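# Chain and residue survey
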Amino acid sequence: MLLRSSLVLLGHICRAVALLTFVSLPSYHALRSQDQSHAAVNAMLREIVTGGRLADLRWPDFSDYRTHVMAFYEPTGFAPAWLQGLQPSPQASAMIELFKNAWRKGLQPEDYDASRWESRLQAFKESGADAARLDVALTVCTMRFVSDLRVGRINPKHFNFAIGVEEKKYDLAQFLRDRLLPASDVTAILDGVEPPFAGYRRSQAALVRYMEFASKDDGEKLPAPREPIDVGQTYSGAPRLTRLLALVGDLTAEVKRPANSQIYDNTLAEAVKSFQRRHGLKDDGRLGADTMKQLNVPLSDRVRQLQLSLERWRWLPSEFVSPPIVVNIPDFHLRALDEANQVRLKMRVVVGKAMRTQTPVFSRDMTYVVLRPYWNVPPSILRSEIIPAIQRNRDYISNKGYEVTTQDGTVITSGTIADDVLARLRDGKLAVRQKPGPANALGLVKLMFPNEFNVYLHSTPAPELFSRTRRDFSHGCIRVENPAELTAWALRSNSGWTLERVQKGMLQGNDNVTVRLAKQVPVFIVYATALAYEDDEVHFYEDMYGHDAKLAAALAKGYPYP
């Protein structure tokens, strides 16, 4: 009996095991198949990343980001990061919307495949295919977008600009993993990536407005008159001029004038003056050649200028060790900022000649100022100007208040130049400097931020040049309109150095007095041909050094950018 009971129980167990095995086999194979599918996706993802190229992208070569992409996927065994089942994650969807609106940032939406995402996502939802390709595309486009917002698309050193962006760069893999993937508000995270300056935000708003203007404008060219048009004269282009100035805001909506009138009246002339002020022209209200040239620049070109300016804004540090001085070459102005990055001091400047002696784009820290300085004539000017002048007139040095010195500053002569002295000057064994005083080429103060270009800020004995609208007259250094005010601002951390003391030192003090700054001041010499001023008025300037043209050409080549 016991044996029979045992055999029956064993039979039940065998049937149960068989039934259990029969029921579980499909689930087991499904799980195994799913694991194999995941492994295949991960393997494909690894292969794409290792190759640094994805044909699906508008710009397929992402070799410049390959190290970042590899570091992003390695911790998860190259598992997809942006997908949830057959749907993009909320963060992926948010990024795709940002890609589509990249134009608002001065970027090109197609650089981030803006028009391709809808069809990609639809195909993925329907079949689940190409998960690896879709995920890598999202990662590469996101890294490009974050980096472009943070430091710009092109490194300024590509143009030999001495402005560094390395310290601003993110660890992109970590940024995506730690900040974007878990973010509940992706847009807020990306807002913090961009430059924190009010001028940058104003320029973005100006770009949106000018994109709208360009879409509404009919593009009609204004006829060029043979002679400048003055108030009261007939001008056949007056109706078109009225439409254009009304569109861009120089002719306000409150001002009414007959739409088809061909009389160039006071109303139109006042609007032209506003336009001239915003475009670096003499605001005389006359329709001359320079004004007509600027009026006929397509609004799409103005959009491009704003886009290029936004690119350059991103080259600046996100924060400064102390409030900086910023000199913008094309608009011939210097601005000193406060701790909140607001403009506290603004003045006109003279910069280097466009054709011969351009002022370089760079940044350095101001460390000292010199009151009543000598002007040490640079070797290039000595060779090209001073030595030929001495050859023509051996008393040139004494007549101009110069001195011939050894390279360490010992005075050789300030009188008539003998043959042996001239020969040593030609050989570069001697130097020339101008004595301090009101006639000195540097004026009565120079503000020094040591650099390889031998460029600095200084006053000038020729203040009349500041009344010109275009002010590229120097050999490369930067002449400032209000030198005493700027010097007092630079020395504000030095006890006792008031504006009155600075002025007294410039006018009555000892020669060549060096004062070291208690707190160094960052100085940025930059180049932007489009600026949104503090009153939101948008100003445009000529690309006199050709830097806009070079940047536009480099950007047109696409990724990978230099």
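Residues numbered from 1 in each chain as written. Predicted model: local features only at pLDDT ≥ 70, side-chain atom pairs only at ≥ 80, totals over all residues. Heavy atoms only, no water.

Glancing now at unusual backbone geometry. Cis geometry is found at the peptide bond from tyrosine 559 to proline 560, where omega equals -5°. Along the polypeptide, proline 560 turns up in the segment after helix 18 (547–556). Non-glycine residue asparagine 341 carries a positive phi angle of around 60°. A positive phi angle, close to 50°, is found at arginine 372, a residue other than glycine. Relative to the helices and strands, arginine 372 is located in the loop between strand 6 (362–371) and strand 7 (375–376). (Helix = DSSP H or I, 4+ residues; strand = E, 2+ residues; numbered from the N terminus.)

By size, the foremost hydrophobic cluster in this structure holds 164 residues, and its most contacted members are Phe145, Leu190, Ile325, Met366 and Leu457. Ranked by the residues each element gives to this core, the list is headed by helix 5 (residues 131–151), at 13 residues. Contact partners of isoleucine 325, with chain neighbours within four places excluded, come to Leu334, Arg335, Ala336, Met366, Leu457, Leu486, Trp489, Val521, Pro522, Val523 and Phe524. (Core = buried A, V, L, I, M, F, W, Y, C linked by side-chain atoms within 4.5 Å. Buried < 20%, exposed > 50% of the residue type's maximum accessible area, 1.4 Å probe, protein only. Contact = heavy atoms within 4.5 Å.)

Across a sheet, strands are paired by hydrogen bonds formed along the backbone, either parallel or antiparallel in direction. Spatially, 7-10-8-9 is the arrangement adopted by the four strands of the open sheet, whose pairing is antiparallel. The open sheet has two edge strands with one neighbour each: strand 7 and strand 9 (411–413). Relative to strand 10 (residues 431–434), strand 8 (residues 402–405) is paired through four bridges, and the arrangement is antiparallel. In the sheet register, tyrosine 402 faces strand 10, and the bridge partner there is glutamine 434. (Pairing = 2+ DSSP bridges.)

Orientation of helix 13 (residues 379–392) relative to helix 15 (residues 419–426), taken along the N-to-C sense of each, is 165°, at an axis distance of 11 Å. If you check the angle between helix 13 and helix 15, you find them roughly antiparallel. In the packing of helix 13 onto helix 15, the handedness of the crossing is left-handed. Residues Leu382, Ile387, Ile390 and Gln391 of helix 13 touch helix 15, and the partners they reach there are Leu422, Leu425 and Arg426. Among the residues making up the contact of helix 13 with helix 15, the classes are represented as five nonpolar, one polar and one charged. (Axes fitted to C-alpha atoms, helices over the stretch in contact; angles between N-to-C directions. Parallel < 35°, antiparallel > 145°, perpendicular 65-115°, else oblique. Left-handed = near helix turned anticlockwise from the far one by under 90°. Nonpolar A, V, L, I, M, F, W, Y, C, P; charged D, E, K, R; others polar.)

What follows deals with helix 4 (residues 117–127). The set of residues buried in helix 4 consists of Trp117, Arg120, Leu121 and Phe124. The buried residues of helix 4 all sit within an arc of 90° when viewed along its axis, so they share a single face. Turned more than 90 degrees away from the buried face of helix 4 sit Glu118, Ser119, Glu126 and Ser127, all of them exposed. Lining the buried residues of helix 4 we find strand 1 (83–84), strand 2 (87–88), helix 3 (90–100) and helix 5. A positive phi of about 75° marks glycine 128, the residue just after helix 4. (Arc of directions from axis to C-beta.)

The subject of this paragraph is a negative patch on the surface. Taken together, the side chains of Glu534, Asp535, Asp536 and Glu537 make up a negatively charged region of the molecular surface. Turning to its location among the elements, aspartate 536 is positioned in the loop between strand 16 (530–532) and strand 17 (538–540). (Patch = residues over 30% accessible without salt bridge, like charges linked within 9 Å, V, L, I, M, F, W, Y side chains within 5 Å. Areas by Shrake-Rupley, 256 points an atom, 1.4 Å probe, with all protein chains shown as cover. Salt bridge = Lys/Arg side-chain N within 4 Å of Asp/Glu carboxyl O. Lys, Arg positive; Asp, Glu negative; His and termini not counted. Charge placed at Lys NZ, Arg CZ, Asp CG, Glu CD.)

Inspection of the entire model under this criterion finds 20 aromatic pairs. For the pair phenylalanine 159 and phenylalanine 161, a centre-to-centre distance of 5.7 Å together with 35° between the ring planes defines the contact as tilted. Arranged with centres 6.4 Å apart and planes meeting at 65°, the rings of tryptophan 375 and tyrosine 402 form a pair that is edge-to-face. With tryptophan 375 in strand 7 and tyrosine 402 in strand 8, this residue pair connects regions lying 27 residues apart in the sequence. The exposure class of tyrosine 402 is buried, given its relative accessible area of 7%. Ring-pair connections join several aromatic residues into one group, and the members of that group are Phe99, Tyr112, Trp117 and Phe145. Seen from the ring of tyrosine 559, arginine 144 lies directly overhead, with NZ or CZ sitting 4.3 Å from the centre. (Phe/Tyr/Trp six-rings, centres within 6.5 Å; stacked < 30°, edge-to-face > 60°. Lys NZ or Arg CZ within 6 Å of the ring centre and 35° of its normal.)

According to the stated counting rule, one finds 28 salt bridges in the structure shown. A salt bridge links aspartate 218 to arginine 240, with the nearest nitrogen and oxygen atoms 3.1 Å apart. On the criterion of sequence distance, the pair formed by aspartate 218 in the loop between helix 8 (198–216) and helix 9 (238–248) and arginine 240 in helix 9 is long-range, its members being 22 residues apart. Here aspartate 419 ties to arginine 394 by a salt bridge, and the two come within 2.9 Å at their closest N and O atoms.

Using the criterion set out here, one finds one cavity of 30 Å³ or more in the structure. When its volume is computed, the largest cavity comes out at roughly 70 Å³. Contributing to the lining of the largest cavity are Tyr210, Leu244, Val248, Phe275, Arg278, His279, Gln294, Leu295, Val297, Leu299, Arg302 and Phe540. Only helix 9, helix 10 (266–278), helix 11 (289–295) and helix 12 (299–313) provide two or more residues apiece to the lining of the largest cavity. Residues of the lining of the largest cavity, tallied by class, amount to eight nonpolar, two polar and two charged. (1 Å grid on protein atoms, 1.4 Å probe; cavity = no way out; pocket = protein on both sides within 12 Å on 5 of 7 lines; lining within 4 Å. Points joined across faces, edges and corners; volume = space filled by probe spheres on them.)

For the protein chain, the mean per-residue pLDDT works out to 91, and 94% of the residues sit at or above 70. Here residues 1–34 scores under 50 on pLDDT; set against residues more than four positions off or in separate chains, the count is zero contacts. (pLDDT = per-residue confidence, 0-100.)

What follows deals with the environment of isoleucine 263. Turning to its location among the elements, isoleucine 263 is positioned in the loop between helix 9 and helix 10. By relative accessible area, which is 38% here, isoleucine 263 ends up partly exposed. For the pair isoleucine 263 and serine 495, spaced 232 residues apart in sequence, the C-alpha to C-alpha distance is 61 Å. Each residue touching isoleucine 263, except ones within four places of it in the same chain, is listed here: Gly232, Gln233, Thr234, Ala238 and Arg257.

Where burial is concerned, the two faces of strand 3 (residues 325–328) agree: the one with Ile325 and Val327 and the one with Val326 and Asn328 are both buried. Sheet topology places strand 3 next to strand 4 (residues 333–337); four bridges connect them, and they run antiparallel. Paired with valine 327 across the two strands is leucine 334, which belongs to strand 4. Between the end of strand 3 and the start of strand 4, which pair antiparallel, lie four residues, with phenylalanine 332 showing a positive phi angle near 55°. Note that strand 3 and strand 15 (residues 513–526) share four bridges and pair parallel. Paired with isoleucine 325 across the strands is valine 523, a residue of strand 15.

The subject of this paragraph is helix 10. For helix 10, built from 13 residues, the straight-helix expectation of 18 Å at 1.5 Å per residue is met to within 8% by its first-to-last C-alpha distance of 19 Å. Among all positions in helix 10, only Leu268, Ala269, Ala271, Val272, Ser274, Phe275, Gln276 and Arg278 are buried. Glycine 280 occupies a position one or two residues after helix 10 and carries a positive phi of about 70°. (Expected span 1.5 Å × (residues − 1).)

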